[in-house]
Amino acid sequence: MHHALLVPEILLDIFAYVNESVDLPSDDSSCERSLARQSLASLATTCKTFHEPAMDLLWANIDDLEQLLGCVTRLHPMIYCSDAGPSWSEGVEPLSEHEICQFLRHAPRVRSIDISSDRSFHLLTAFPTETCMFPMLQSLLWQAEDPNNIYLHFFLSHTLRFGYLSAIHPALKSIGTRCASLEVLTIGDAEDLTVDESFLLAETIRSCTQLSHLGCPPLEWEAWNHLSNLPTLLKLEIGSGSSPLDRHDIKFAPFLNVTILNFYVHTASYTITALQCSEFPSLQQFEMHVQVMPFAEAEQLFRALSQCNAYHTLEYIVIFCFDSDGEESDEEQSAKSFTAISQFLHFTQLRTLGLVFENYPVYLDNDLLLKAMSSWRHIRYMTLANHQLRPPTITFRGLFDGLRLCPDLDSLQLHVDAVNIDIDPETESFQHTSLQKFNVGFSNVEDVEAAARIIFTMLPGVKQVRHADENEWDKVNKHLEYLKSSAAPRHQEPAPDT
């Protein structure tokens, strides 16, 4: 054996390289994963020096309990026979005391486990109640279908740092005490929480004192107050659910270190109340996906977000609204537009702005665009998706006046008045070279050649204009392609028909 292999650091680096294919996502080549596992198994049987580090890597990440159950002499042929199916354990007797030792032989090596089924859990009934089967477990992905499964506590190790639970589980009440090092906790959505479930969720969150990332259904105000005083918290995600923040009179302590705040909700009321009662002085990213948000609630949301003390830090705002409440007529909807742009002018560090609303457009004209771009000089991505077919209020002149102030912008979706062209590219020296993606949505165009020449001359990085009008803008793109090919050092092609 080469002397270098006797140096633990070198040996671990080599084994880690072999292990890279083992850690591939499950949708990657299963052949590569299998080959890597075979390589680690071979290394483990080569010599005593190789055995322990190879075995540690081989057992570090497992997808279910079957690999460990396969170490039990009685169960091995049942699991690995050619016709074994998912229900192989039905009717099989639980592990005996001796077999428990076989099962646990490699359990201390496991660092990450994904539990997607509880079909084999009945084999574990002989384990003492307070057993921690994986004393060095760091990551638990719990997707067992039965939310009342009684075996979760077997997996709650004091070393656990990452936990995902697909539903609220009775054993949650132990997680704060048994997993004192827990940093990341994600609990799946729960549309209709019972009173007991809401209390259990809140009690669980209040018991976790080291969280850096939390994703869960909506919390009642005491749990929200606990989080506002948690200095370790960096990322907070709230999913769908029914627990309201009904204490409008309370003002929480600032969430001092939260940089990412995301909401995936059915209505906006919880988000609005949370923002109105809270401050986020370090917030960098805000994202919201909401199913139903009437016009009045949307305006409250914009105002609340603009007042949560994130003027100097917020870089990313993305809001998707898929539907209104359906109570307003088409005439009432057509008379309204959101004031999000004017509400967000104070976010001077904004890099990304995405506003996608199904029923109301975001108001923007030449003057407001210039004012916005004056505030958002670092912006790189901007999408204002307008599904309402209203005449655009941004002209090409207004667009390029704004672009002059934002040299880093590389992606833009905006409705532009391409019918009343108010700029002559032949007399303009300005070029915005950073913009690569330009989407004009439902904007109309009449003079195809003029529109193509403006894009070609003033936006040289745009190869194709994205659009929702499959007729006229396709012609613009064909002419734009002709202009670019004509400018290239090769033979001239005939101009396309317009």
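The structure we're discussing is the one just above.
Everything numeric in this text was worked out from a predicted model, so none of it was measured. (Residues numbered from 1 in each chain as written. Predicted model: local features only at pLDDT ≥ 70, side-chain atom pairs only at ≥ 80, totals over all residues. Heavy atoms only, no water.)

(A) Fine view of the overall build of the chain. Helix and strand counts for the chain come out as 17 helices and 15 strands. Expressed as a percentage of its 498 residues, the buried residues of the chain come to 47%. For the chain, restricting intrachain contacts to residue pairs at least 6 apart in sequence, the fraction spanning at least 24 positions comes to 67%. (Helix = DSSP H or I, 4+ residues; strand = E, 2+ residues; numbered from the N terminus. Buried < 20%, exposed > 50% of the residue type's maximum accessible area, 1.4 Å probe, protein only. Contact = heavy atoms within 4.5 Å.)

(B) Representation of the packing of helix α16 (residues 448-458) against helix α17 (residues 472-487). Their axes nearest at 8 Å, the elements α16 and α17 cross at an angle of 50°. Accordingly, the angle class assigned to the pair α16 and α17 is oblique. By crossing handedness, the relation of α16 to α17 is classed as right-handed. Contacts between α16 and α17 involve Val448, Glu449, Ala451, Ala452, Arg453, Ile455 and Phe456 on the former and, on the latter, Glu472, Lys475, Val476, His479, Leu480, Leu483, Lys484 and Ala487. Across the contact of α16 with α17, the residue classes tally to nine nonpolar, one polar and five charged. (Axes fitted to C-alpha atoms, helices over the stretch in contact; angles between N-to-C directions. Parallel < 35°, antiparallel > 145°, perpendicular 65-115°, else oblique. Left-handed = near helix turned anticlockwise from the far one by under 90°. Nonpolar A, V, L, I, M, F, W, Y, C, P; charged D, E, K, R; others polar.)

(C) Quick peek at the packing of aromatic side chains. Across all of its chains, the model carries 22 aromatic pairs by this definition. Aromatic side chains Phe320 and Phe322 sit 6.4 Å apart centroid to centroid with 10° between the ring planes, which places their arrangement in the stacked category. Judged by relative accessible area, which is 27%, Phe320 ranks as partly exposed. (Phe/Tyr/Trp six-rings, centres within 6.5 Å; stacked < 30°, edge-to-face > 60°.)

(D) Examining empty space enclosed by the protein more closely. Summed over all chains, the structure comprises two cavities of 30 Å³ or more. Quantified by volume, the second largest cavity comes out at close to 30 Å³. As for the second largest cavity, its lining consists of Gly176, Cys179, Ala180, Leu182, Ser207, Cys208, Thr209 and Gln210. Tallied by class, residues from the lining of the second largest cavity come to four nonpolar, four polar and no charged. (1 Å grid on protein atoms, 1.4 Å probe; cavity = no way out; pocket = protein on both sides within 12 Å on 5 of 7 lines; lining within 4 Å. Points joined across faces, edges and corners; volume = space filled by probe spheres on them.)

(E) Focus on the packing of helix α8 (residues 195-207) against helix α9 (residues 221-228). At a closest axis distance of 9 Å, the pairing of α8 and α9 adopts a crossing angle of 15°. In terms of orientation, α8 and α9 fall into the roughly parallel class. Where α8 crosses over α9, the two elements pack in a sense that is left-handed. Side by side, α8 and α9 meet where Ala202, Ile205 and Arg206 of the first sit next to Glu222, Ala223, His226 and Leu227 of the second.

(F) Structural context of the pattern of salt bridges. In total, this model carries eleven salt bridges according to the counting rule given. The shortest N-O distance in the salt bridge between Arg380 and Asp410 comes to 3.2 Å. You can see Arg380 sitting in the loop between α14 (366-375) and β12 (381-386) and its partner Asp410 sitting in the loop between α15 (396-403) and β13 (411-413), a full 30 residues away along the chain. Asp410 sits in the partly exposed class, given a relative accessible area of 24%. Two residues, Glu428 and Arg397, come together in a salt bridge whose shortest N-O distance is 3.1 Å. Of this pair, Glu428 sits in the loop between β13 and β14 (437-439) while Arg397 sits in helix α15, placing them 31 residues apart in sequence. Classification of Glu428 by relative accessible area gives buried; the value is 18%. The exposure class assigned to Arg397 is partly exposed, which follows from its relative accessible area of 30%. Through salt bridges with shared partners, one network takes in Arg397, Asp401, Arg404 and Glu428. (Salt bridge = Lys/Arg side-chain N within 4 Å of Asp/Glu carboxyl O.)

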